[in-house]
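Reading the structure
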Amino acid sequence: MEIESIGIVGAGQMGNGIAHVCALAGYDVIMSDVSQEALDNAVALIDRNLTRQVSREKISQADKDTAMGRISTTLTLADIGPTDLIIEAATERETVKQAIFEDLLPHIKPTTILTSNTSSISITRLASRTDRPEKFMGFHFMNPVPVMQLVELIRGIATDEPTFKACKSVVDRLGKTAATAEDFPAFIVNRILMPMINEAVYTLYEGVGNVTSIDMAMKLGTNHPMGPLELADFIGLDTCLAIMNVLHDGLADTKYRPCPLLTKYVEAGWLGRKTDRGFYDYRGEGDPVPTR
Ligand code: NAD
């Protein structure tokens, strides 16, 4: 199964990064979203990020121009039907993802491979709602996609070997490294990372430390490049909460109970960098200001 064209659903922070690396690797990319603004922002961001790579001499101006020429956008989901591989990267909500796959089914080729960039939702369950569970996989990029080396590949219970091999060959062509994970809640990276972030929020909630002391302690004390609260803002607090809920529901263990303070921030619409406010306030000109 040779993949030449890739359809991406969702042009948010992950969708635009996935489009960027796929176009640079020579794939024809078509990106869809329900919001024209999201599509316009994604294309502008990809342009800016490729320009930065040119100025750092990581790629040539011709590479950038060719990559930009390979990317198109649409508000009509059916337009991505004729692609060889579809990577769904829409909001982390199972009903949203299920509806996308249901809407796509009448428009895709018999050979099209369906994948989801979900951080936590069951691949087997998403696959079971389609007509091709054997051609369905988890294709989990890390954020920011152009920088991070890892892709987690997750087989559902029915995923066949040609589908796995086709996805692995895409990861290879992107110059990234695949780690395979079994289909259990949040897979490997977020099964380990998200309870740590949630615990950092509990540490804040219980007054053990404030935002600055918690992040500084983890950066300087464990050599993490970002503190856990800074990282949570970067990922998106809605996504963090959604992943904790999947762990809590899927593994039925109270150790995964989402911190009420994380819920409170999400209820306030303080979702981190994407809304300019989370554990830090990014609205000013200078350094981000801790909100607690
Ligand atoms: P985001 O909020 O930045 O973007 C989501 C996009 O999906 C938005 O542009 C929204 O308009 C679009 N969308 C919503 N419903 C849609 C629909 N029905 N059809 C088409 N588009 C639709 O979210 P994100 O951070 O890019 O996350 C997307 C996915 O990637 C989630 O499944 C998330 O768990 C996963 N993920 C996120 C990270 C991260 O660090 N943020 C890392 C790895 C994986």
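The coordinates are above.
All figures in this text were calculated on a predicted structure; none of them were measured in a lab.

What counts, and where the lines are drawn
- Residues numbered from 1 in each chain as written.
- Predicted model: local features only at pLDDT ≥ 70, side-chain atom pairs only at ≥ 80, totals over all residues.
- Heavy atoms only, no water.
- Near = heavy atom within 4 Å.
- Polar contact = N/O pair within 3.5 Å; in protein donor to acceptor, adjacent residues only side chain to side chain.
- Areas by Shrake-Rupley, 256 points an atom, 1.4 Å probe, with all protein chains shown as cover.
- Helix = DSSP H or I, 4+ residues; strand = E, 2+ residues; numbered from the N terminus.
- Nonpolar A, V, L, I, M, F, W, Y, C, P; charged D, E, K, R; others polar.
- Salt bridge = Lys/Arg side-chain N within 4 Å of Asp/Glu carboxyl O.
- Buried < 20%, exposed > 50% of the residue type's maximum accessible area, 1.4 Å probe, protein only.
- Expected span 1.5 Å × (residues − 1).
- Phe/Tyr/Trp six-rings, centres within 6.5 Å; stacked < 30°, edge-to-face > 60°.
- Lys NZ or Arg CZ within 6 Å of the ring centre and 35° of its normal.

Here we take up the site of the ligand. Neighbouring the ligand are 24 residues; Met14, Asp33, Glu92, Lys97 and Ser119 lie closest to it. Between the ligand and Lys97 there is a distance of 2.8 Å, counted from an oxygen atom to a side-chain nitrogen or oxygen. Ile235 has a polar backbone atom sitting 2.9 Å from a nitrogen atom of the ligand. Contact with the protein chains covers 85% of the free accessible surface of the ligand, which is 830 Å². Counting only elements with at least two residues in the shell around the ligand, the list comes to helix 1 (13–24), helix 4 (94–104) and strand 6 (136–141). The leading source of residues in the shell around the ligand is helix 4, at 3 residues. For the shell around the ligand, the per-class residue count stands at 10 nonpolar, 10 polar and 4 charged.

Oppositely charged side chains can pair when the atoms bearing their charge come close. Applying the stated criterion across every chain, the model contains 14 salt bridges. With its nearest N and O atoms 2.8 Å apart, the salt bridge here joins Arg132 to Asp131. Here Asp131 falls in the partly exposed class, since its relative accessible area comes to 46%. One salt bridge in this structure joins Lys274 and Asp238, with 3.1 Å as the shortest N-O distance. Within this pair, whereas Lys274 is found in the loop between helix 11 (260–267) and strand 9 (280–281), its partner Asp238 is found in helix 10 (residues 237–251), the two being separated by 36 residues in sequence. Residue Lys274 is classed as partly exposed on the basis of its relative accessible area of 48%. Exposure remark for Asp238: the relative accessible area of 24% places this residue in the partly exposed category.

Here we come to helix 7 (residues 189–205). Helix length check: helix 7, at 17 residues, gives a terminal C-alpha distance of 24 Å against a target of 24 Å (1.5 Å per residue), a fit within 8%. Taken as a whole, helix 7 has its buried residues at Asn190, Met194, Ile197, Asn198, Ala200, Val201, Tyr202 and Leu204.

Applying the stated criterion across every chain yields a total of 6 aromatic pairs. Ring geometry for Tyr202 versus Tyr205: centroids 6.1 Å apart, planes at 70 degrees, classification edge-to-face. With Tyr202 and Tyr205 both in helix 7 and 3 residues apart, this pair spans about one turn of that helix. Residue Tyr205 is classed as partly exposed on the basis of its relative accessible area of 44%. Taken together, a centroid distance of 6.4 Å and an interplanar angle of 50 degrees make the contact between Tyr280 and Tyr282 tilted. For Tyr280, a relative accessible area of 11% puts it in the buried group. Taking the relative accessible area as the measure of exposure, Tyr282 reaches 13% and is therefore buried. A cation over a ring is seen here: Arg155 above Phe164, with NZ or CZ 3.8 Å from the ring centre. The residue whose ring lies beneath Arg173 is Tyr27, and the NZ or CZ to ring-centre distance is 3.9 Å.

A few words on unusual backbone geometry. Note that the residue after Asn143, namely Pro144, is joined by a cis bond; omega there is -5 degrees. Assignment of secondary structure puts Pro144 in the loop between strand 6 and strand 7 (150–155). Phi is positive for Ala186, which is not a glycine, with a value near 70 degrees. Assignment of secondary structure puts Ala186 in the loop between strand 8 (177–181) and helix 7. Taking relative accessible area as the criterion, Ala186 reaches 0% and is therefore assigned buried. The phi angle at Phe187 is positive, at roughly 60 degrees, despite the residue not being glycine. By the element assignment, Phe187 lies in the loop between strand 8 and helix 7.

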